[in-house]
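# Coordinate analysis (summary)
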Amino acid sequence: MAEVLRVEKLEAGYGKFHVLFGIDLVVKSGEIVVLLGPNGAGKSTLLNSIAGMADVYSGRVVLLGRDITGRPPHEVMKMGVAYVMQSPNNFGTANIFGELTVYENLIAASAGIPGKEVEGRIEEVFNIFPKLKELRNRKAKFLSGGERQMLAIGLGLMKKPKLLMLDEPTSGLAPKLVSDFFSAIRDIRDKLGISILLVEQNARKALEIGDRAYVLVTGRVKFSGNAKLLDEGKLAELFLGR
Ligand SMILES: Nc1ncnc2c1ncn2[C@@H]1O[C@H](COP(=O)(O)OP(=O)(O)OP(=O)(O)O)[C@@H](O)[C@H]1O
């Protein structure tokens, strides 16, 4: 299986604040890879490092065979990475314009896409999130947290990324909606063929849809392997450092 993403011996952080120590991680084509770990372990920082939003001190980030270490965010996105950051309530990071409707936001995300392909891509997004189709004429500022999260992911999908990085997409959602989100994530991989790197607090559900998993504890990989090998006991052991 071809590799979409390879992170090698990554040391990274923010300025002098060193967060990640010697991280090795791979996402292969068509995989859902789950990244778990306690609060503050460095999961978001790892995604930030890939996306060009943290400081990489040494090591490498390779996307589809090309070294993208330290490239700025807009270049990383152009090269095929969509990154949906935590907390889409922050309209700035999610690129959602509150005064625009759902449909207009999707159009706004279509810059650079050939005109004749735009409607087809919007349909693909609506197939993954039928709720967005119902809400197509609603201004984004009136969407609920979950609906906004769907839109944030939908905006990322417009560019047909090779790799979709999701940081806690189900945080704060009602339980029923959480299950819908996990099936949508699986659909994104199955129907659109997009590889996924998923950070989740909801470990059990994430491991159900994940192929492989990594557990990060205080900036180091403490487990990597088949997602099905991580049961609650093993996770507790890793999280608590026993
Ligand atoms: N922009 C930043 N500047 C400086 N330090 C930061 C920044 N973002 C995060 N940190 C720090 O880096 C460390 C790792 O944080 P990170 O958000 O990567 O962890 P996480 O595993 O994603 O945690 P959580 O599950 O709570 O989201 C924490 O100590 C955090 O305070």
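Residues numbered from 1 in each chain as written. Predicted model: local features only at pLDDT ≥ 70, side-chain atom pairs only at ≥ 80, totals over all residues.

Named according to an unreviewed UniProt entry, the protein chain is ABC transporter ATP-binding protein originating from Pyrobaculum aerophilum. Recorded in UniProt for the protein chain, the comment headed Sequence similarities (unreviewed entry) runs: "Belongs to the ABC transporter superfamily." (UniProt positions renumbered as here; feature names shortened; annotations may be inferred.)

Glycine aside, residues mostly have negative phi angles, and peptide bonds mostly take the trans form. The phi angle at Glu168 is positive, at roughly 50°, despite the residue not being glycine. With respect to the element layout, Glu168 can be found in the loop between β7 (163-167) and α8 (175-192). Since 20 C-beta atoms lie within 10 Å of it, Glu168 is described here as buried. Within the chain, Thr218 stands out as a residue other than glycine whose phi angle is a positive 35°. For Thr218, the location among the structural elements is in the loop between β9 (212-217) and β10 (220-226). By C-beta crowding, Thr218 is classed as partly exposed, having 14 other C-beta atoms within 10 Å. (Helix = DSSP H or I, 4+ residues; strand = E, 2+ residues; numbered from the N terminus. Buried ≥ 20, exposed ≤ 12 C-beta atoms within 10 Å, placed from the backbone.)

Now for the site of the ligand. Taken together, Tyr14, Phe17, Val19, Gly37, Asn39, Gly40, Ala41, Gly42, Lys43, Ser44 and Thr45 make up all the residues around the ligand. Of all the secondary structure elements, the ones that give two or more residues to the shell around the ligand are β2 (17-28) and α1 (43-50). The element best represented in the shell around the ligand is α1, accounting for three residues. Residue composition of the shell around the ligand, grouped by class: four nonpolar, six polar and one charged. (Near = placed C-beta within 6 Å. Nonpolar A, V, L, I, M, F, W, Y, C, P; charged D, E, K, R; others polar.)

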